[in-house]
Amino acid sequence: MRKLIPVFYFLMAIAIISCGSNPYAKTNRLHKKQAKAYSKQLQQFPTPENQNESALNYGDYWVGTTNFNLRKPNYVVIHHTAQDSVQQTLTTFTLPRTQVSSHYVIAKNGEIFHMLNDYYRAWHGGIGKWGNNTDLNSSSLGIEIDNNGEEEFTDLQIISLIELLEEIKEKHGIPAENFIGHSDIAPSRKVDPNINFPWKRLAEEGFGLWYDEAEVENLKLEAEFFKPNPLAINFNSRLHTRISFIDKLVFPEVIPADFNVENALKIIGFDTSNLAAAKSAFKLHFIQKDLDQPFNTCDLKVLYSLHKKYL
Ligand SMILES: [Zn+2]
């Protein structure tokens, strides 16, 4: 029996080591190998031989500047995973054939998995456009939140997300308006993060913009404000001129009749090549209800108030 005791401890030690070992050790080795290959590529200097092969009029010798650092991300794109568990997503992002990834994944219990250095380019945005930026993967960090696509986000996830965003914003100096969703940059393809995502709360914390709710309450459409008087058209037009002069002092703000929805969506950043899709994406982010309903007066007022913040 005594002889068996050391064997028992030995087996226990193996069990403890294997329990504590990283199940992703194998794919981590692949990750390291790829990172090394990119480092090597970046260290290569142009040689006279490969410059001579070019048709460009290069100088006689290569001069490397001494003043540079790494490019920084300037946007954050938030997603929901549309998968059943964080384990499923970690697997998806470590299988080369899927060709998808993100910098961070946030589990339902608030655990953050940092899967890629912020300075590398993850494959989370796909084809998309925000303003004139057509390669969001090159300029953004991708954050995936574990969520099946329809459920609520957990409090722990949102707490972790806000803490993570605070760190990222400070580290890379990302402006508040550049915290956006996948559906914002790919309106006709994507609907994440879903309708339950707390964009307003995030905006209050400094991540993304939100409209002025008090202003929206008081906004009037021009047609609502200047009700025509069929009995006194001439008098009414004179009154109209006078009201225009003093309305800023006395009356609520009026949305001009020529306010252009498409231009306002463009000013915010939406790709309006499919206007209906851009309107839906706007509703998903800023209205968060009645997504299947057409754009109404309330939506218009929110858009009017919001677009001014991006001017
Ligand atoms: Zn997405």
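So, here is what we can say about the structure in this document. (Residues numbered from 1 in each chain as written. Predicted model: local features only at pLDDT ≥ 70, side-chain atom pairs only at ≥ 80, totals over all residues. Heavy atoms only, no water.)

### A look at the packing of aromatic side chains
Line of reasoning, step 1. Taken as a whole and judged by the stated rule, the model has 12 aromatic pairs.
Line of reasoning, step 2. Ring centres of F153 and F197 lie 5.4 Å apart, and the angle between their planes is 85°; on these two criteria the pair is classed as edge-to-face. Of this pair, F153 sits in the loop between β4 (140–145) and α6 (155–172) while F197 sits in the loop between α7 (182–185) and α8 (199–204); the two residues are 44 residues apart in sequence, bridging distant segments of the chain. Like F153, the residue F197 is buried in the burial classification. (Phe/Tyr/Trp six-rings, centres within 6.5 Å; stacked < 30°, edge-to-face > 60°. Helix = DSSP H or I, 4+ residues; strand = E, 2+ residues; numbered from the N terminus. Buried < 20%, exposed > 50% of the residue type's maximum accessible area, 1.4 Å probe, protein only.)

### Re the pairing of strand β1 (residues 75–80)
Line of reasoning, step 1. Most of β1 is tucked away, with 6 of its 6 residues classed as buried.
Line of reasoning, step 2. Judged by which residues are buried, β1 turns out to be covered on both faces: Y75, V77 and H79 on one side and V76, I78 and H80 on the other are all buried.
Line of reasoning, step 3. Judged from the 6 bridges that link them, β1 and β4 form a sheet pairing that is parallel. Considered in β4, the bridge of V77 is made with G142. (Pairing = 2+ DSSP bridges.)

### Some remarks on the environment of I174
Line of reasoning, step 1. For I174, the position within the fold is in the loop between α6 and β5 (179–181).
Line of reasoning, step 2. Through-space distance from the C-alpha of I174 to that of V76 is 8.2 Å; in sequence the pair is 98 residues apart.
Line of reasoning, step 3. For I174, the residues in contact, after removing those within four places along its chain, are P73, N74, Y75, V76, I168, K169 and F179. (Contact = heavy atoms within 4.5 Å.)

Read these as layout, nothing more, since geometry by itself doesn't imply function.
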